[in-house]
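Descriptive analysis of the structure
Listed below are the residues making up each chain.
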Amino acid sequence: MKKSNKLRNQLEYWSFVGPIFIAFLMVVIIPFIIGLYYSFTNWSAIPGRSIDFIGLENYIAAFRDEQFRISFFATIQFTLICVVLVNIVGFFLALLVTQKMRSANLLRTVFFMPNLIGGIVLGYIWRFIFIKVFVSLYESTGLGIFGLPWLSEANQAIWAMAIVTTWQFGGYIMVIYIAGLQGIPQSLIEAAQVDGANAWKRVRHIIFPLVAPAFTVSMFLTMSNSFKMFDVNLALTNGDPGRLTELLTLQIYNTAFTDSNFGQGQAYAAILFIIIGVVSFVQVYYNKRREVEM
Amino acid sequence: MKKGITASISILLVLSLFLVGCSSDESEKVTVDIFQLKVEIVDQLQSLVDDFMEENPDIIINLDTAGGGEDYTSILKTRMSSGNQPAIFQVPGPTERDVWFDFLTDLSEEQWVRVTSEGLLDNITVDGKIYGQPVNIEGYGIIYNKAILEQAGISQTMINNVNSLSSLQALFEEVEQQKEALGLEATLGWSVGGTAWWVSSYHTFNVPFAMQQDPMDFIEALNDDTANFADNEQMLAFKDLVDTFVTYSYEDVAVTDYEKQYSDFASGKTAFIQQGNWTINQLNEIDENLDIAFLPIPISDNTSWANDSIPVGVPNYWVVNKKLDDEVIEAAKKFLDYMVMNERGQQFMVEEAKYIPAFTNVSVEKADPLAQSIITYVNDEKTIPWVWHAFPLGLVENDAKKAFQDYVNGDKTWDEILSFLDTQWDEKTK
């Protein structure tokens, strides 16, 4: 009797987990392992060409490849800007929409909306804004910020991408902070108020430490999201000027598909995976330690 | 009772599935998948396919298109690797011909080979065997707007005499002087970035190659490293052309989009653009009565180079997949034959797709002005070839594009550009 119960439990467990597990195995785990294998070969994806094992050559080539270096530092720069911008914008939007206002719900929807638009579409829309709208704004207002060569110079172009990403992702991160903010007991804030803490001090010393768990999650999300940025990059700059704004994922794509060098592309992808893994792990580890128990 | 009804319905449904499976097996029709990249002519091609299927009831043709913004080559690679292989697909030239060589059916015995115009099969021939059918011919050059030049008081003789870089510069300068009066935003529409990056990276970049004594020999020499960009006369002279283009084109030549390039020209905001005859539909959408024609793209005053010619070539070849069943291959060959030898196919080519035909048995009666201009150059034998189809994979899209942008932005000197191209070429052919 007992035995059959156990069996039934097992069966139930696998009938729920099994399908998902198989799907996960087939579309994530297996391709990942195959991909790792290909990164040690000269696979060109042209049917009929032989696939030779070439050891670590692709990985060594990555350190000789000037374009990989350019893309790597562009990605780091982009990620740093994004993590800061997106989190600041997300946090303050969340503060704004958790105030007692009549339009709070409407504003939440509005701020979240850009996240529902695909990155490619966003990229093209913002390309139009940077090239056409900013120029006419500059002509009519004379404000220097609109006159910058937003997409034709590498530094500005990376900022431009970060701005678009912030616009797209800020609303999403806002939702996470809202959840964090709503979890703070009103009594704590009121107590601080009674003790004479002004608005800034309440944010700095009460709210901020208490939303630390949300901060950990948001930072992780923005970081891995920016490291893997592809669609906005493709639509907004496509690497222009001179492949200086070509982030790692786009470079991987170009190496694999355009140069028809899939082995090399896979090696770059594996390196990117390791970087994201290490950075995320370190970041989550340190942020966890700052979280406060209530 | 209820259970009975549900059960019988389910059985019926299952049976019908079997029946559907059977019926398509029984008819023994041959299915030919076509995978092509011209999004502009999908409807016209589909109607040709429909008429073909009506005449050949035992053949089914599925037309599949990827082009415009999509990456045809990437999708083709995916389809070939995944086993969902098309029977007829397109290759642009020698590099891709060699990539897909194991898949190409020998088409040397086909009827249409005999009526193909001189020299157009060279790029698809290996060891005397012909592996593809030219889709059409296209040409590009510097297109000028006759009305604007007339308004600027420039004589037709001066235009016709453009056969060297200095005569082109003189013409540009003449227009540039009157820019304000003519209401121009720029004299020339040209770009190295945005959605128009290919204008420079493919087409302008082709010119110094095409002006070599023997372009294919030069590429061969680059491949085995017996020639270099850095000490090649044509490549060094090419700088003057690029400088000229930058001087007379838009200020933000690095980000100008294709849409801006052609729409400014069609609406009279630029007097020249460097483009090909494929732009005619977009130009005519804005102004139907544009009076336009091609000028050559000279890179120097050296009379022994073809500075008075325009680049004309076959953009794509239809090829037949050898790895499929014999009856599919036969049906595919039949379709290619239909396109050239049958009147319906010729009508498609000339009237519907508005191609400049690559075949002597097809004549154009009412060509658009750009096609007309190309035909004139072809008849005068003032053409140079398209050679980028023989470059290593990715060189144009990744490296030439970067080279142009770095030079225009002032990040690199011309010498640095040439040695950069040398490094990248060697990297890709080692």
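All values derive from a computational prediction rather than experimental measurement.

This part is about the overall build of chain A. The helix and strand inventory of chain A stands at 13 helices and 0 strands. Listing every helix and strand of chain A by position from the N terminus yields α-α-α-α-α-α-α-α-α-α-α-α-α. Oriented by its inertia axes, the alpha-carbon framework of chain A measures out at about 80 × 75 × 30 Å. Counting the 294 residues in chain A, one finds 43% classified as buried. Sequence separation of at least 24 residues holds for 69% of the intrachain contacts in chain A that already meet a minimum separation of 6. Taken as a whole, chain A presents about 16,400 Å² of accessible surface, with 69% of it coming from carbon and sulfur.

What follows deals with the interface of chain A and chain B. Taken together, the contacts link 24 residues of chain A with 28 residues of chain B. When chain A packs against chain B, close to 2,100 Å² is buried across both sides, 48% of that on carbon and sulfur atoms. Three residues, A:Pro47, A:Asp240 and A:Thr258, lead the burial of chain A against chain B; their summed loss comes to 22% of the area buried on that side. Here chain A and chain B share 4 salt bridges between them.

With that settled, the discussion passes to helix H10 (residues 215-223) of chain B. Residue and element names in this part refer to chain B. Among all positions in H10, only Pro215, Phe218, Ile219, Ala221 and Leu222 are buried. Along the axis of H10, the buried positions cluster into a sector of 160°, meaning they face one direction only. You can read the cap of H10 off the contacts: a side-chain oxygen lies 3.1 Å from the backbone nitrogen of Met216, and it is on Asp214.

Further remarks concern the packing of aromatic side chains. Overall, the coordinates contain 58 aromatic pairs over all chains when judged by the stated rule. A centroid spacing of 5.5 Å and a plane angle of 45° characterise the contact between A:Trp126 and A:Phe130, whose relative ring orientation is tilted. Remark: A:Phe130 and A:Trp126 occur in helix H5 (residues 119-141); sequence separation between them is 4 residues, near one turn of the helix. Across the pair, A:Phe130 and A:Trp126 agree in class, each one buried. A ring pair is formed by B:Tyr140 and B:Trp386, whose centres lie 6.1 Å apart and whose planes are at 50°; its orientation type is tilted. Linking B:Tyr140 in strand E7 (residues 138-145) with B:Trp386 in the loop between strand E13 (383-384) and helix H17 (395-408), this pair joins segments that are 246 residues apart in sequence. On the basis of relative accessibility, which here comes to 5%, the residue B:Trp386 falls in the buried class.

In this structure, B:Val32, B:Phe89, B:Phe205, B:Phe209, B:Phe272 and B:Phe391 are the most contacted members of the largest nonpolar core, which totals 147 residues. With 9 residues, helix H14 (residues 326-341) of chain B is the single largest residue contributor to this core. Composition of this core by domain shows at least three residues from each of domain 1 (28-137 + 314-360) and domain 2 (141-313 + 382-429) of chain B. Not counting residues within four places of it along the chain, the set of residues in contact with B:Phe209 comprises B:Pro215, B:Phe218, B:Ile219, B:Leu222, B:Phe229, B:Met235, B:Val387, B:Phe391 and B:Trp425. Counting 37 residues, the second largest nonpolar core, distinct from the first, contains A:Val83, A:Ile176, A:Ile207 and A:Val211.

All names here are of chain B. All told, the structure shown has 3 cavities of 30 Å³ or more when counted by the stated rule. As a volume, the largest cavity reaches approximately 80 Å³. Looking at the largest cavity, the residues that line it are Phe205, Met235, Phe238, Ala400, Ala403, Phe404, Tyr407, Trp414, Ile417, Leu418 and Leu421. Listed by contribution, the elements that provide at least two residues to the lining of the largest cavity are helix H11 (233-248), H17 and helix H18 (414-429). The residue inventory of the lining of the largest cavity, partitioned by class, reads 11 nonpolar, no polar and no charged. One number sums up the size of the second largest cavity: a volume of about 60 Å³. Considering the residues around the second largest cavity, the lining is formed by Ile41, Leu45, Gln133, Pro134, Val135, Trp318, Met339, Val340, Phe348, Met349, Tyr355 and Phe359. Of the residues assigned to the lining of the second largest cavity, the class counts are 11 nonpolar, 1 polar and no charged.

This next bit is on the layout of surface pockets. For the second largest pocket, the calculated volume is near 1,400 Å³. Along its surface, the second largest pocket is lined by 46 residues, and A:Asp259, A:Asn261, B:Glu427, B:Lys428 and B:Thr429 are the ones closest to its centre. Of the residues contributing to the lining of the second largest pocket, the split by class is 13 nonpolar, 16 polar and 17 charged. Residues from two domains meet in the lining of the second largest pocket; each of domain 1 (28-137 + 314-360) and domain 2 (141-313 + 382-429) of chain B gives at least three.

With that settled, consider the side chain of B:Gln85. Residues and elements named next belong to chain B. Looking at the secondary structure, you find Gln85 in the loop between helix H3 (72-82) and strand E3 (88-91). Looking at Gln85, its side chain comes within polar contact range of the main-chain oxygen of Met80, at 3.4 Å. Among the polar contacts made by the side chain of Gln85, one reaches the side chain of Asn321 at a distance of 3.0 Å. When neighbours within four sequence positions are excluded, Gln85 is seen to be in contact with Asp33, Arg79, Met80, Phe103, Asn321, Lys323 and Leu324.

It is common to report an interface's size as the accessible area lost on association of the parts. All names here are of chain B. You can read the domains of chain B as domain 1 (28-137 + 314-360) and domain 2 (141-313 + 382-429). For domain 1 versus domain 2, the separation of C-alpha centres amounts to 30 Å. Domain 1 puts 12 residues into the contact, and the matching count from domain 2 is 9 residues. Where domain 1 abuts domain 2, roughly 880 Å² becomes buried across the two surfaces, and 59% of that area is made up of carbon and sulfur atoms.

All names here are of chain A. Where H5 contacts helix H7 (residues 154-182), the two axes come as close as 11 Å, and the packing angle between them is 125°. Taken together, the axes of H5 and H7 lie oblique to each other. The hand of the H5/H7 crossing is right-handed. Within the contact between the two elements, H5 uses Gly119, Leu122, Trp126 and Phe130 and H7 uses Ala160, Ile163, Val164, Trp167 and Gln168.

Negative charge collects at one region of the surface, where B:Asp214, B:Asp217, B:Glu220, B:Asp224 and B:Asp225 lie side by side. Note that B:Asp217 resides in helix H10.

Glancing now at the packing of helix H3 (residues 66-97) of chain A against helix H10 (residues 212-227) of chain A. All names here are of chain A. It is the contact of H3 with H10, at a shortest axis distance of 9 Å, that shows an interaxial angle of 145°. In the packing of H3 onto H10, the handedness of the crossing is right-handed. Contacts between H3 and H10 involve Thr75, Ile76, Phe78, Thr79, Cys82, Val83, Val86 and Asn87 on the former and, on the latter, Ser218, Met219, Thr222, Met223, Ser226 and Phe227. Split by residue class, the contact of H3 with H10 holds 8 nonpolar, 6 polar and no charged.

Quick notes on the rules
- Residues numbered from 1 in each chain as written.
- Chains lettered and ligands numbered in written order.
- Predicted model: local features only at pLDDT ≥ 70, side-chain atom pairs only at ≥ 80, totals over all residues.
- Heavy atoms only, no water.
- Helix = DSSP H or I, 4+ residues; strand = E, 2+ residues; numbered from the N terminus.
- Buried < 20%, exposed > 50% of the residue type's maximum accessible area, 1.4 Å probe, protein only.
- Contact = heavy atoms within 4.5 Å.
- Areas by Shrake-Rupley, 256 points an atom, 1.4 Å probe, with all protein chains shown as cover.
- Buried area = accessible area lost by both parts, 1.4 Å probe.
- Salt bridge = Lys/Arg side-chain N within 4 Å of Asp/Glu carboxyl O.
- Arc of directions from axis to C-beta.
- Polar contact = N/O pair within 3.5 Å; in protein donor to acceptor, adjacent residues only side chain to side chain.
- Phe/Tyr/Trp six-rings, centres within 6.5 Å; stacked < 30°, edge-to-face > 60°.
- Core = buried A, V, L, I, M, F, W, Y, C linked by side-chain atoms within 4.5 Å.
- Domains from an automatic or database assignment.
- 1 Å grid on protein atoms, 1.4 Å probe; cavity = no way out; pocket = protein on both sides within 12 Å on 5 of 7 lines; lining within 4 Å.
- Points joined across faces, edges and corners; volume = space filled by probe spheres on them.
- Nonpolar A, V, L, I, M, F, W, Y, C, P; charged D, E, K, R; others polar.
- Axes fitted to C-alpha atoms, helices over the stretch in contact; angles between N-to-C directions.
- Parallel < 35°, antiparallel > 145°, perpendicular 65-115°, else oblique.
- Left-handed = near helix turned anticlockwise from the far one by under 90°.
- Patch = residues over 30% accessible without salt bridge, like charges linked within 9 Å, V, L, I, M, F, W, Y side chains within 5 Å.
- Lys, Arg positive; Asp, Glu negative; His and termini not counted.
- Charge placed at Lys NZ, Arg CZ, Asp CG, Glu CD.

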